[in-house]
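# Coordinate inspection notes
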Number of protein chains: 2
Amino acid sequence: MTKKIGGRTLKLATPVSIIASASVVGKKEGEGPLKYCFDFISEDSYFGEETWEKAESHMLKQCFTLCCNKAQMAPSGLDFVFSGDLLNQCVSSAFAMKDSALPYFGLYGACSTMAESLALAAMTIDGGFGETACALTGSHFCSAERQYRFPLEYGGQRPPTAQWTVTGAGAAIVSATGEGPFITHITPGIIVDAGLKDANNMGAAMAPAAYETIKAHFADTGRDLNYYDAVFTGDLGAVGHDILQKLFQDDGIEMGPRYMDCGVLMFDLNTQDVHCGGSGCGCCASVLCGHILKGFAKGTWSKVLVAATGALMSPLSCQQGGSIPGICHAVAIERQW
Amino acid sequence: MTKKIGGRTLKLATPVSIIASASVVGKKEGEGPLKYCFDFISEDSYFGEETWEKAESHMLKQCFTLCCNKAQMAPSGLDFVFSGDLLNQCVSSAFAMKDSALPYFGLYGACSTMAESLALAAMTIDGGFGETACALTGSHFCSAERQYRFPLEYGGQRPPTAQWTVTGAGAAIVSATGEGPFITHITPGIIVDAGLKDANNMGAAMAPAAYETIKAHFADTGRDLNYYDAVFTGDLGAVGHDILQKLFQDDGIEMGPRYMDCGVLMFDLNTQDVHCGGSGCGCCASVLCGHILKGFAKGTWSKVLVAATGALMSPLSCQQGGSIPGICHAVAIERQW
């Protein structure tokens, strides 16, 4: 009766289709290698608002509206919204959705939120609780910098292992009806604490969680890397990407070019001065809702695994000497049900 | 096929039983009218840790362990944990569960988290994704004060409408098998923004959300106040409690003594110097997992509606002139399936 197969992977019993997705990003993201795939690129980091926090909320709302438009449905037609973000008390999500009058489940999954929200949205539809649900998340470089690190005006320096919080949002609507692509399997994350404490090296802190979840997904499903046309991690960046490859190499598995990281894809690491690449909820969100899902439409791939990664620390937990626990939720998306 | 009845209320299709619950609170809570019902009262606000944030995490972990013990199951037997808290980036939950190796869905529902987590846990079990899930949340007066308001050492004054963040945690395990009480209906919250901006009067900000959700629950189910032996709001406090009564009076409905608020129940408002009563994720959590569920065991009631309330603001959103949007998730708990 249970949809849990193997250790902890869930296999949906009914086709849950991604019927629409939308992505909105900032100027810098719109100058990167993926600029072709975003629905809207804002030249204004304030998105017309007075503060960067309000800008982040504006961006989320804009992305949500775009997604509903692409699904050709009124927002009021949705049964649920699952949303979260990086700001303290997740205010950018709450303020984005505060006038929607939609059943709202607030999440905190750090940068794994796109996969967490998509997983819970799909489970809710598969569970028979409604027909459609939206997964929504994003992040903003300027609000994240001043919350997590320093005010931008301070001009702080960043070490080479640091990543660049993506200004971007992604929204996806899943439905009990639709032509696909379909969410077929979900491997929810467990928290993995490798004991790392360098808040300027999140990739290293999150890579063990990505390794654990992807390995569990393969073990539970009997699939391997070759089953998928592509496997994406959320925002490990160049350092975390290499650590993950190394962890699999230690098991005798070469991940090869099928394995990509959204944080590495987002920017040109040689020319855009982002050090190790993109991070933030908006990284995986905008790459999934832009590049990855457009790749299905174009026929680039038919089976992908999206393994979004999150670091479950806060500035205060780091100041108090805490380690940086990581989590990774994985969602398998396939053209055929 | 859908389990959605009426407007947005969900009716579970299979019996999801609350097989165990546990509550852990601080000294002040243990001196209040509900002292009989808590599983553990800590005399030490630090719970043996170095900081109040670590204490909060310790309390959550202790409560989780107690709950597993009461369910006579190893923590590893759980299929999912749904958890969240008030601290920035929800670190007390993440650190409490970081060594559990359990599938973890992080939530942010502010003080509504107990009902949000219980709702999603129940939906996940009803949806066939596993056999057991734990809903866990809490809050700590000292960590909340310095994050939201002032360091305690500052000795700041509080206006009469202010509430007292409960030092407390609650955990409940739901299962596909068990003797009840059962979660029968869920009315997920929508965000309601009444435009209020006084961060020292959260009860007033959240009462409209409670009104909206309870009214929706009655309309969707065809039930009314008389159906339930008791209806509990999460943490409206005395001011919010009275506002909610007034909102229903305007509809010609007298809520009467069946309606209670966890924040009012938690403390003796005349003698414990908490102004309007308790608040925080731990308020509804410890009252539900202590008083309310023990009331089922004692035969005090057979049908209750728990309507946990949350204020989706942050100190920064208030500083930027934002309003205080509220949300209320409601869960119906009944002795008979």
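Refer to the structure printed above.
First, a word on what this report is: a plain description of the structure on this page. (Residues numbered from 1 in each chain as written. Chains lettered and ligands numbered in written order. Predicted model: local features only at pLDDT ≥ 70, side-chain atom pairs only at ≥ 80, totals over all residues. Heavy atoms only, no water.)

Residue and element names in this part refer to chain A. Of all the 9 residues making up strand E13 (residues 303–311), 8 are buried; the element is thus mostly covered by neighbouring parts of the structure. Taken together, the 4 bridges between strand E10 (residues 230–233) and E13 define a ladder with parallel strand orientation. Paired with valine 231 across the strands is leucine 305, a residue of E13. One ladder, built from 9 bridges, connects E13 with strand E14 (residues 326–334); its direction is antiparallel. (Buried < 20%, exposed > 50% of the residue type's maximum accessible area, 1.4 Å probe, protein only. Helix = DSSP H or I, 4+ residues; strand = E, 2+ residues; numbered from the N terminus. Pairing = 2+ DSSP bridges.)

The next subject is the layout of surface pockets. Residues and elements named next belong to chain A. As a volume, the largest pocket reaches approximately 580 Å³. Around the largest pocket, the lining comprises 35 residues; the ones closest to its centre are Glu145, Tyr148, Arg149, Ala199 and Asn200. Residue assignment for the lining of the largest pocket shows that the elements contributing at least two residues are helix H4 (141–148), strand E7 (164–165), helix H5 (202–221) and helix H9 (315–319). Across the lining of the largest pocket, the residue classes break down as 20 nonpolar, 11 polar and 4 charged. (1 Å grid on protein atoms, 1.4 Å probe; cavity = no way out; pocket = protein on both sides within 12 Å on 5 of 7 lines; lining within 4 Å. Points joined across faces, edges and corners; volume = space filled by probe spheres on them. Nonpolar A, V, L, I, M, F, W, Y, C, P; charged D, E, K, R; others polar.)

What follows deals with the relation of the copies chain A and chain B. Once turned by 180° and shifted 0.0 Å along the axis, chain A lies on chain B with an RMSD of 0.0 Å. The operation mapping one copy onto its partner corresponds to a two-fold rotation axis. Interface overlap between copies: 98% of the residues of chain A at the interface are likewise at the interface in chain B, consistent with a symmetric, same-surface contact. (Least-squares fit on C-alpha atoms with pLDDT ≥ 70 in both. Contact = heavy atoms within 4.5 Å.)

Let us look at empty space enclosed by the protein. Evaluation of the coordinates by the stated rule reveals 2 cavities of 30 Å³ or more. If you go around the largest cavity, the residues you meet are A:Leu120, A:Met123, A:Thr124, A:Phe129, B:Leu120, B:Met123, B:Thr124 and B:Phe129. Broken down by secondary-structure element, the contributors of at least two residues to the lining of the largest cavity are helix H3 (113–126) of chain A together with helix H3 (113–126) of chain B. Of the residues that constitute the lining of the largest cavity, the class distribution is 6 nonpolar, 2 polar and no charged. Size it by volume and the second largest cavity reaches roughly 30 Å³. Contributing elements (two or more residues each) for the lining of the second largest cavity: strand E4 (80–85) and strand E5 (104–106) of chain A. Tallied by class, residues from the lining of the second largest cavity come to 6 nonpolar, 4 polar and no charged.

Chain A puts 61 residues into the contact, and the matching count from chain B is 60 residues. A combined buried area of about 4,800 Å² lies between chain A and chain B, and 64% of that area is made up of carbon and sulfur atoms. Summed over the shared surface of chain A and chain B, the result is 4 salt bridges. Of the charged contacts, one joins B:Lys4 and A:Asp79 as a salt bridge, the two residues approaching to 2.3 Å between their closest N and O atoms. Looking at the side of chain A that touches chain B, the element that brings in the most residues is H3(A), giving 5 residues. Broken down by class, the residue content of the side of chain A that touches chain B amounts to 32 nonpolar, 17 polar and 12 charged. (Buried area = accessible area lost by both parts, 1.4 Å probe. Salt bridge = Lys/Arg side-chain N within 4 Å of Asp/Glu carboxyl O.)

Our next topic: the side chain of B:Ser139. Residue and element names in this part refer to chain B. Structurally, the position occupied by serine 139 is in strand E6 (residues 132–139). At a separation of 2.7 Å, a polar atom in the side chain of serine 139 contacts the main-chain carbonyl oxygen of valine 166. Once you skip the residues sitting within four places of it in the chain, serine 139 turns out to touch Glu56, Met59, Leu86, Thr165, Val166, Thr167, Gly168, Ser279, Gly280, Cys281, Gly282 and Cys283. (Polar contact = N/O pair within 3.5 Å; in protein donor to acceptor, adjacent residues only side chain to side chain.)

What follows deals with helix H6 (residues 237–249) of chain B. All names here are of chain B. With 13 residues, H6 should cover 18 Å at 1.5 Å per step; its first-to-last C-alpha distance of 18 Å lies within 8% of that length. Turning to H6, its buried residues are Gly237, Gly240, His241, Leu244 and Phe248. Projection of H6 onto a plane perpendicular to its axis shows the buried side chains occupying an angular sector of 105°, all on one side. Buried-residue contacts for H6 involve helix H5 (202–221), strand E10 (230–233), strand E11 (259–261) and helix H7 (262–266). (Expected span 1.5 Å × (residues − 1). Arc of directions from axis to C-beta.)

Here the focus is unusual backbone geometry. Glycine aside, residues mostly have negative phi, and peptide bonds are mostly found in the trans state. All names here are of chain A. Residue proline 181 is bonded to the preceding glycine 180 through a cis peptide linkage, with omega at 5°. Residue position: proline 181 is located in the loop between strand E8 (168–175) and strand E9 (182–187). Even without glycine at this site, alanine 101 takes up a positive phi of about 60°. Mapping alanine 101 onto the fold places it in the loop between helix H2 (91–97) and E5. Judged by its relative accessible area of 48%, alanine 101 is partly exposed.

Another point: the packing of aromatic side chains. For the structure shown, the criterion picks out 20 aromatic pairs over all chains. Ring centres of A:Phe182 and A:Trp337 lie 6.1 Å apart, and the angle between their planes is 65°; on these two criteria the pair is classed as edge-to-face. Separated by 155 residues along the polypeptide, A:Phe182 in strand E9 and A:Trp337 in the segment after E14 bring together distant segments of the chain. Judged by its relative accessible area of 8%, A:Phe182 falls in the buried class. With a centroid separation of 5.2 Å and 20° between ring planes, the pair formed by B:Phe82 and B:Phe105 is classed as stacked. Here B:Phe105 lies in strand E5 (residues 104–106) and B:Phe82 lies in strand E4 (residues 80–85), a separation of 23 residues in the sequence. (Phe/Tyr/Trp six-rings, centres within 6.5 Å; stacked < 30°, edge-to-face > 60°.)

To continue, consider the environment of B:Phe105. Accessibility expressed as a relative area gives 0% for B:Phe105, which makes it buried. Counting along the chain gives 11 residues from B:Phe105 to B:Ala94, while the straight-line C-alpha distance between them is 9.7 Å. Every residue in contact with B:Phe105, bar those within four places of it in the chain, is listed here: A:Glu116, A:Leu120, A:Met123, A:Pro188, A:His329, B:Phe80, B:Val81, B:Phe82 and B:Ser83.

Our next topic: the packing of H3(A) against helix H8 (residues 281–298) of chain A. When two helices pack together, you describe them by how their axes are tilted relative to each other and by the distance separating the axes. Residue and element names in this part refer to chain A. Running from N to C, H3 and H8 point in directions that differ by 60°, and their axes come no closer than 7 Å. When the axes of H3 and H8 are compared, the pair comes out oblique. Contacts from Thr113, Met114 and Leu118 in H3 reach Cys281, Cys284, Ala285, Leu288 and Cys289 in H8. In terms of residue class, the contact of H3 with H8 is made up of 7 nonpolar, 1 polar and no charged. (Axes fitted to C-alpha atoms, helices over the stretch in contact; angles between N-to-C directions. Parallel < 35°, antiparallel > 145°, perpendicular 65-115°, else oblique.)

Here we come to the nonpolar core. In summary, soluble globular proteins display a tendency toward joint burial of nonpolar side chains. Formed by 126 residues in total, the largest nonpolar core has its most connected members in A:Phe64, A:Tyr108, A:Leu244, B:Phe64, B:Tyr108 and B:Leu244. Counting residues in each nonpolar core, the second largest holds 111 residues, with A:Cys142, B:Leu34, B:Cys284 and B:Phe296 among its members. (Core = buried A, V, L, I, M, F, W, Y, C linked by side-chain atoms within 4.5 Å.)

This paragraph deals with the environment of B:Glu179. All names here are of chain B. Here glutamate 179 is to be found in the loop between strand E8 (168–175) and strand E9 (182–187). For glutamate 179, a relative accessible area of 76% gives the class exposed. Along the primary structure glutamate 179 and leucine 120 are separated by 59 residues, whereas in three dimensions their C-alpha atoms are 20 Å apart.

Any functional reading would require information that these geometric values do not contain.
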